[in-house]
Structures are given as structure tokens and as C-alpha cells.
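Chain by chain, the residues:
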Amino acid sequence: MTSREARKDGGMQSYKMLIGGERLDAEGGATFETENPFSGAPWALVPRAGVADVDKAVAAARTAFNNPDWRKISASARGALLHRLGDLIAREAERLAQIETRDNGKLITEMRGQLKYIPQWYYYFGGLADKIEGRVIPIDKPGMFNFTREEPLGVVAAITPWNSPLMLATWKLAPALAAGNTIVWKPSEFSSASALELAPLFEEAGFPPGVVNILTGFGADIGERLVSHPDVAKVAFTGGDRTGQSVYELAARSIKPVTLELGGKSANIVFGDALIDNAVKGTISGIFAATGQTCIAGSRALVHRSIHDEFVDKLVSLGKTARMGDPALDTTQVGPITTRPQRAKVLDYIGIAKNEGAQCVLGGAAATRPECGNGWFVEPTIFTGVKADMRIAQEEVFGPVLSVITFDDADEAVAIANGTQYGLAAGVWTQNIGTALTMSERLEAGTIWVNTYRAVSYMSPFGGYKRSGIGRESGLNAIREYLQEKSVWIDMIGEVANPFVQR
Ligand code: TXE
């Protein structure tokens, strides 16, 4: 439903889900309000799906998977659909960016950048759709011909979070569709609007009904049914690690493959020989961009003792300049926290860090500046004197809170950086190529940035080591997460071998 088609209900926009090509309310008509994190006010009504809606959406996706209009079209034609979708998202980019800013408080400048970039995933994986080839195996059995086919899995449940809703959904949808699967997409209850605004574009691009279904509602109501549904072949999840763990446990019961991306506690490691002003900017960007609500947030700055004081002075000076306020303004640099519970969690962690004895050198409280209005803001916050084993240095805060930890040599930096249960990303700031390369090898993380931070691309694999996740998104191999390999044997001789002996 585009905003033009959206019904207004008591001044609030009212959305419908997308199931089997139809725009539907939840069974029984349940809805919930979605709020604007800057005004603190509800602005739209979203269907609150129940178990019956899950069953309906999965059935629609399963029917679509067997529909020859999808199953039998050529891989090139499937790729062309993805290309068209990319073009339509580019056409609607500004509108989608505005909706996201209203619904989840992301900066409009960041959303414009993301919406401009998202089509590339559809172009890239659309281009890949007809380049997935099986193999002929030079098999060791005389008279036998053996080849492989790469086949889609079936219905993929894509469960996505609120922090970069369209981008993180795209990372799942583009490869899954390119591989020929069908989708039930459950966006976060905190950011469903952009997903529902995208819904008509699937039809306009030419995807048959039911290939993409969008089910809105609460994880607590429908998560379990969706993950354990016997007709769901795979679960692709991005979210918190506890939810991820329960999704994994549930998927295991029905032996389903999963892709999990579960956040981190990434270290930005600054060596004594680093270009200090660049490292300061990279560290600030790593923790305050997107108000720290990114899985890749560089929430620990590991700083060599020789430059610690100069580095912290510069960090605080730059951090102080952050312009907070209305995320819809081009000039705003730090927006609100997306959800009320998340704001409470961030403030709790600030309290925990203070009680643990960390020194707060910037921020450290809810923001009450006039330009923050009634929004759910937290001041950009920096703690120094943090010890590697403190909770603030071990647990994901998912907000604008940086912990600065001192180190004396590379071995200690590696031990601290690797000393959490997570392993999503790490930054290394040095001018020494040897240090850059050895650190890239020694750090246990799925992405290493050297003298930069927060770069991602549709071409490059993204995912976690250790508790940060399973599987990779983006890059050539990501499509393999949505395919299964079949081995086909043909006897070329036509002689039936001894039936009592394995051939
Ligand atoms: O995430 P949830 P929340 C981290 C971050 C944050 C914490 C909690 O630390 O503070 O997670 O955020 C759906 N079965 N990240 O509570 O619950 C839910 O509806 C199936 C890191 O918002 O993980 C939503 O669609 N699904 C992260 C999705 O899971 C369930 C991004 C994510 O929500 C479910 C966001 C269930 N039982 C938060 N319960 C990252 N990796 O970037 C909930 N969901």
C-alpha cells in the first residue's frame, strides 16, 4: 500500500499486510500503534498478526513456490524481476526514506544514502540469478554419469530488526529471491511501515502473488509459529542474541538451516602510530552514527597508552559538537533512540558503567536539549578507565555509549578485542602495514576495517564469528545460503548390477 492508498484512521495512517498478493488485515482485525521516536506520538496503525495469519502467509508462500509462474521461469527472467524491483525502489527512494525517518527515527541523510544503495543488492543478486551452475563430477564409478543441481530451499522466513529495516531485509530478500525461494518477511514491530510501503512494488515489478508476503506483528505472538512452521524451509534472522538463540533452538527442532546476525561488541583499536585525527573521526563514526544502534557499532575503543590522553581529549572535543535533534533535518547528526525499551536499556547500561567505576567524560544521561523535544534521546556518552571485564565492555548496549580501554602492546590489544563472546567486526588504526596485516589475521571477527570503519557493500561478505552469528550476507557466496545442492546419478550402461551389492 503506498501512502496514497493508505487509509487514514482517526488521523492515523492505517496499513495492511501483504499475503498471497492481497492486502489483508490480521484475522480478527487486531492492530497496534507504531510511534514516531522524535515526537513520541503514535502515527500509524499496523495489523497485529496472529498464528492463523502466519499459517495463511506460509501457505501463500508455499503455493507460490510451486506456481509455474515462479518455479518454471528462467533464472534470467527471475533476475530481471529483481532488477525491476531495484529500479522501483530507486524511484520511491525519497518517499521510503521519509517514512523510515518518521517510523524509526533514523537520520534522513542516512536513509537517503541507504535507499540510494539498496537497489544495488537487487541488481547484484539479480545478475547472479542465472550464473548459478551445477557441476559435472568426473565420477569414479565406470558407466555412471553424475551431476549436481542447485535448487532453492522453498519458503524462507526473513525476520528483521528495527535498526536498518529496509537494508537488513534487502540483504535477505535479494539473494533468497535470486535463488528462486519464496518469502514470508516479518519486520520488527517497531519499524513495520517501510516494509508495508514496499509491498506494492513487488507486484509492480512483476513478482507473482505470494512470492513475497509481509506479515506484521510481535515476535512474542507469531515468532514461534513462523520459525517452527513445517512448511518454512529456512530462517534468516537479524536481531538480538537472546532472540537469535531461541530462534536457533526452535529451528533445530525441525532441522531447519538458519542464517543469524546477532550484533556485537566490536573493538576499534588505535595504535600509537595511527593518524590520530582520522582515528578519532572513525571512532566517533563507529559509535555515534545511527545513534550507536548498529550491529557493527565500534563500542569499545582500545587505545595505546602512549596516545591515550591526546586521543580522549580529541574524542571528547569532537563528540561534543554532535548536533542532536529532529532526524528529518539534513543538519542533524545524532537522532533519537528508536524504541522506548531500547532507550531504557541504554540508560540502564550507563548506570551500570558508572557503578562499575568507569569515568564518564561525555554525556552520561538522557538528552534534554530543547532541540530534542519529546524524543527518546540519550546524550552521546564516553566512558574512560573501562576494564575489559566490566559489563559495559562485554555486553551489547546498542546505543551511543563508547567504552575506552587502554592497552600496552599488540598482544594485549588482541586479547582484549577477542575477549568477548561476540565477533562481528573490528577496526585497526595504524600506519604500519605489518601491524595491519597481523591484526587482520589475529582478530576473531567477520569484518576487519583498517584505517576506516563502517564500510559495507553488496559485493563483500558480512557476518559474525562466535556468538555474532552464523552464515554470511552479501557477496557472491550469500546466494549459497538459500540454495541446496542435489546430486543426480545416471547409469549409462543400462545393466542392472548385482542388487545385493552397493555399486
Ligand atoms: O530485538 P529482537 P529487540 C540487539 C540490541 C537490542 C536487542 C533487543 O542489543 O538492544 O537486540 O532488540 C523478532 N521468534 N539488536 O528486542 O527481539 C522481532 O519481532 C521469532 C541487535 O528489538 O531480536 C523482530 O522482528 N522472532 C541487532 C526481530 O525478531 C522474534 C538489531 C528482532 O527483534 C521473536 C536489533 C521470537 N520469539 C537489535 N521475538 C543487530 N544484530 O543488528 C522477537 N522476534
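Please refer to the structure higher up on the page.
First, a word on scope: everything that follows refers to the structure included in this document. If you're wondering where the values come from, they're calculated on a predicted model, not measured in any experiment. The residue count restarts for each chain, going from 1 along the sequence in the order it is written. Reporting of local features is limited, given that this is a predicted model, to residues whose pLDDT is at least 70; pairs of side-chain atoms are given and counted only at 80 or more, and all residues count toward the totals for whole chains, interfaces and linings. For the side-chain quantities, the full set of heavy atoms in the structure was used; hydrogens and water were omitted.

**Observations regarding the overall build of the protein chain**
Which entries qualify depends on this criterion: In this description a helix means any DSSP run of H or I spanning at least four residues, a strand means any run of E spanning at least two, and both kinds are numbered starting from the N terminus. Each radius of gyration reported is based on C-alpha atoms, and the globular scaling rule is 2.2 Å times the count of residues to the power 0.38. Only protein chains enter the area calculation, which uses a 1.4 Å probe; residues under 20% of their type maximum are buried, those over 50% are exposed, and those in between are partly exposed.
Looking only at helices and strands, the protein chain features 15 helices and 22 strands. In terms of overall dimensions, the protein chain is globule-like: its C-alpha atoms have a radius of gyration of 24 Å, near the 23 Å expected for 503 residues. Across its three principal axes, the protein chain shows a C-alpha extent of roughly 80 × 65 × 40 Å. Burial status across the protein chain gives 56% buried among its 503 residues.

**With respect to the site of the ligand**
The cut-off we apply is this: Near, as used in this document, describes a residue that has one of its heavy atoms within 4 Å of the molecule or strand being considered. The definition of a polar contact used here is a pair of N or O atoms within 3.5 Å, where within protein one atom must be able to donate a hydrogen and the other to accept one, and adjacent residues in sequence count solely through side-chain atom pairs. Per-residue and other accessible areas follow the Shrake-Rupley method at a 1.4 Å probe size, with only the shown protein chains counted as cover for residues. Following the grouping adopted for this structure description, the nonpolar residues are Ala, Val, Leu, Ile, Met, Phe, Trp, Tyr, Cys and Pro, the charged ones are Asp, Glu, Lys and Arg, and the polar ones are all others, Gly among them.
What surrounds the ligand is a group of 25 residues, the closest being W162, E189, Q342, K345 and E396. Measuring from an oxygen atom of the ligand, one finds a side-chain N or O atom of E189 at 2.5 Å. A distance of 3.1 Å is found between a nitrogen atom of the ligand and a backbone nitrogen or oxygen belonging to G263. In isolation the ligand exposes 820 Å². Once the protein is present, 85% of that is buried. For the shell around the ligand, the secondary-structure elements that each account for two or more residues are α8 (219-228), β12 (232-238), α9 (241-253) and α12 (340-356). Per-class residue counts for the shell around the ligand are 9 nonpolar, 11 polar and 5 charged.

**Focus on a nonpolar patch on the surface**
For clarity, the cut-off: Put simply, a patch holds well-exposed residues, over 30% relative accessible area, that have no salt bridge, with like charges counted together within 9 Å and Val, Leu, Ile, Met, Phe, Trp or Tyr side chains within 5 Å. When a carboxyl oxygen of Asp or Glu is within 4 Å of a side-chain nitrogen of Lys or Arg, the pair counts as a salt bridge.
Where nonpolar side chains cluster on the molecular surface, the patch consists of V136, F145, I490, M492 and I493 and spans about 470 Å² of accessible area. Tracing the chain through its elements places I493 in the segment after β22 (483-491).

**Examining the sheet that holds strand β15 (residues 300-304)**
Across a sheet, strands are paired by hydrogen bonds formed along the backbone, either parallel or antiparallel in direction. The cut-off we apply is this: For two strands to count as paired, DSSP must find a minimum of two bridges between them. Note on geometry: axes are lines fitted to C-alpha atoms, helical ones only across the stretch in contact, with angles between N-to-C directions running from 0 to 180 degrees. Throughout, a contact is declared for two residues whenever any of their heavy atoms are within 4.5 Å.
Spatially, the 7 strands line up as an open sheet ordered β16-β17-β18-β15-β14-β19-β20, and their pairing is mixed. Looking at which strands have only one partner, the edges of the open sheet turn out to be β16 (359-362) and β20 (447-450). Strand-to-strand twist of the sheet, defined as the mean angle between neighbouring strand axes without regard to direction, takes the value 25°. With 4 bridges joining them, strand β14 (residues 267-270) and strand β19 (residues 425-429) adopt parallel strand pairing. Bridge pairing in β19 places A267 opposite A426. Across the face of the sheet, helix α14 (residues 410-417) comes into contact with β14, β15 and β18 (401-407) while running at roughly 145° to β18.

**Structural notes on the environment of V212**
Here V212 is to be found in strand β11 (residues 212-214). When near neighbours in sequence (up to four residues on either side) are disregarded, V212 contacts L18, L177, I183 and F202.

**Some words on the pairing of strand β9 (residues 155-159)**
Short version of the rule: Orienting the strands away from the viewer, one traces the path from the first strand over the helix to the second; a clockwise path indicates a right-handed crossover.
In terms of burial, β9 is largely enclosed, as 5 of its 5 residues are buried. Burial along β9 is two-sided: V155, A157 and I159 and V156 and A158, pointing in opposite directions, are all buried. Pairing geometry for β9 and strand β10 (residues 182-186), over 5 bridges, is parallel. Directly across from I159, in β10, lies its bridge partner K186. Note on the crossover from β9 through helix α6 (residues 165-178) to β10: the handedness is right-handed.

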